[in-house]
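# Examining the three-dimensional arrangement
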There are 2 protein chains.
Amino acid sequence: MSENRLQKAIVALKESGVRITPQRHAVLDYLMNSVIHPTADDIYKALEGKFPNMSVATVYNNLRVLRENGLVRELTYGDSSSRFEINLTDHYHIICESCGKIVDFHYPSLDEVESLAAKVTGFEVSHHRMEVYGTCEECKQQKGHKH
Amino acid sequence: MSENRLQKAIVALKESGVRITPQRHAVLDYLMNSVIHPTADDIYKALEGKFPNMSVATVYNNLRVLRENGLVRELTYGDSSSRFEINLTDHYHIICESCGKIVDFHYPSLDEVESLAAKVTGFEVSHHRMEVYGTCEECKQQKGHKH
DNA sequence: GTACGTGCAAAGGATTTGCAAGCGG
DNA sequence: CCGCTTGCAAATCCTTTGCACGTAC
């Protein structure tokens, strides 16, 4: 089924006039099979085995194209570099402040917040983002070893 | 009353062993009277009249100290540079995707989301962030002028 | 007086850009 | 074939850092 998603994405890209180069295909494929919300550099490093001559700029270019076509979301947290993920159905992230791990969790979309915000500010709302921060189980355990 | 907040903040800083230099005072004062969620460079430009010799590094240093003491929050959105605001009681932001304007709005804290996230992921939750995106009234009107 | 803060310049890291050569459709 | 993409290097932008000097307390 992951194959299915990939094929659909490729068809959609072609219909938008975007060419499917081996590098672009590989970036998309990597993101579809990744759960770690990688940075551009993560992707670059993961693919340099298959594409020894690929440059980081190509990764950035492709991420931009994929983002512009709605296939990929860019996550900007406090740390230095952006992270990327396939744009799936609504879910949110919880982020470990100790090790940086990002875990998905499902929650009904916060439509009420959106409509209240629209009412009090006069904005026309398009979307929202939300993340929860905390400490993951592994890091909690490590803290426990202190004493 | 803004004076009052500033004095309280200064006392709190001194108690933490933080020195009140004229530059630090000015950064804090500027943030307390600002509604635009400025970048470090905004603050630098705003204060260069009063402090012609001040360097950007000083602004960054002070923002870090103020953040570490819980007085200031750093906001990292998609754009290149961080924005800063005084750490007030719970509120959220709505951001205009057209002109970048940031407007505060109040909403009860999303405690339910936090506790559900904790339950399903096993994390110990510390806090969350949420923003709504859309188009502000001014930019909506400008779009209306098209036809 | 002493440690912390400032100012300057340089370094660092992420991302973008310009351009010649390559290749997808 | 044409024009989008690639790869490379240089450029850009934001932020941090090292160090000598200054100053808050």
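In this report, the structure presented in the accompanying data block is examined. Residue numbers run consecutively from 1 along every chain, following the written order of its sequence. Whichever chain is written first becomes A and whichever ligand is written first becomes 1, with later ones labelled in order. This being a predicted model, a pLDDT of at least 70 is required before a residue's local features are given, and a value of 80 or more before pairs of side-chain atoms are given or counted; all residues contribute to the totals for chains, interfaces and linings. Working from all heavy atoms in the structure, the side-chain values ignore hydrogens and water.

## Some details on the interface of chain B and chain A
Two residues form a contact once any of their heavy atoms are found within 4.5 Å. Contacts between the two partners involve 36 residues from chain B and, on the opposite side, 36 residues from chain A. Each partner contributes to the roughly 3100 Å² buried at the junction of chain B and chain A, and carbon and sulfur atoms together form 67% of this total. A side-chain nitrogen of Lys or Arg and a carboxyl oxygen of Asp or Glu constitute a salt bridge if their distance falls within 4 Å. Here Glu 131 of chain B and Arg 129 of chain A are joined by a salt bridge, their closest N and O atoms 3.7 Å apart. Within 3.5 Å is the distance limit for a polar contact, defined as a pair of N or O atoms, with the added protein rule that one can donate a hydrogen and the other accept it, and that residues adjacent in sequence qualify only through two side-chain atoms. For the pair chain B and chain A, the interface holds 16 residue pairs in polar contact (both at pLDDT 80 or more). When residues in the side of chain B that touches chain A are grouped by element, the largest group, 12 residues, is from strand 5 (residues 124–135) of chain B. Among the residues making up the side of chain B that touches chain A, the classes are represented as 18 nonpolar, 10 polar and 8 charged. Bridge analysis of strand 5 (residues 124–135) of chain A against strand 5 of chain B gives 11 bridges, and the strand direction is antiparallel. In the sheet register, Val 125 of chain A faces strand 5 of chain B, and the bridge partner there is Gly 134 of chain B. Accessible area that two parts lose when put together, with a 1.4 Å probe and added across both, is what the buried area reports. Here a helix means four or more residues in a row that DSSP labels H or I, a strand means two or more in a row labelled E, and each is numbered from the N terminus. Here the nonpolar group is Ala, Val, Leu, Ile, Met, Phe, Trp, Tyr, Cys and Pro; Asp, Glu, Lys and Arg are the charged ones; every other residue, Gly included, is treated as polar. Note: two strands are recorded as paired if DSSP finds a minimum of 2 bridges between them.

## So, the side chain of His 37 of chain B
Residues and elements named next belong to chain B. Relative to the elements of secondary structure, His 37 occurs in the loop between helix 2 (22–32) and helix 3 (40–47). A polar atom in the side chain of His 37 sits 3.3 Å from the backbone oxygen of Val 35. Contacts of His 37, omitting those with residues within four sequence positions, involve Leu 75, Arg 83, Phe 84, Glu 85, His 93, Ile 102 and Asp 104.

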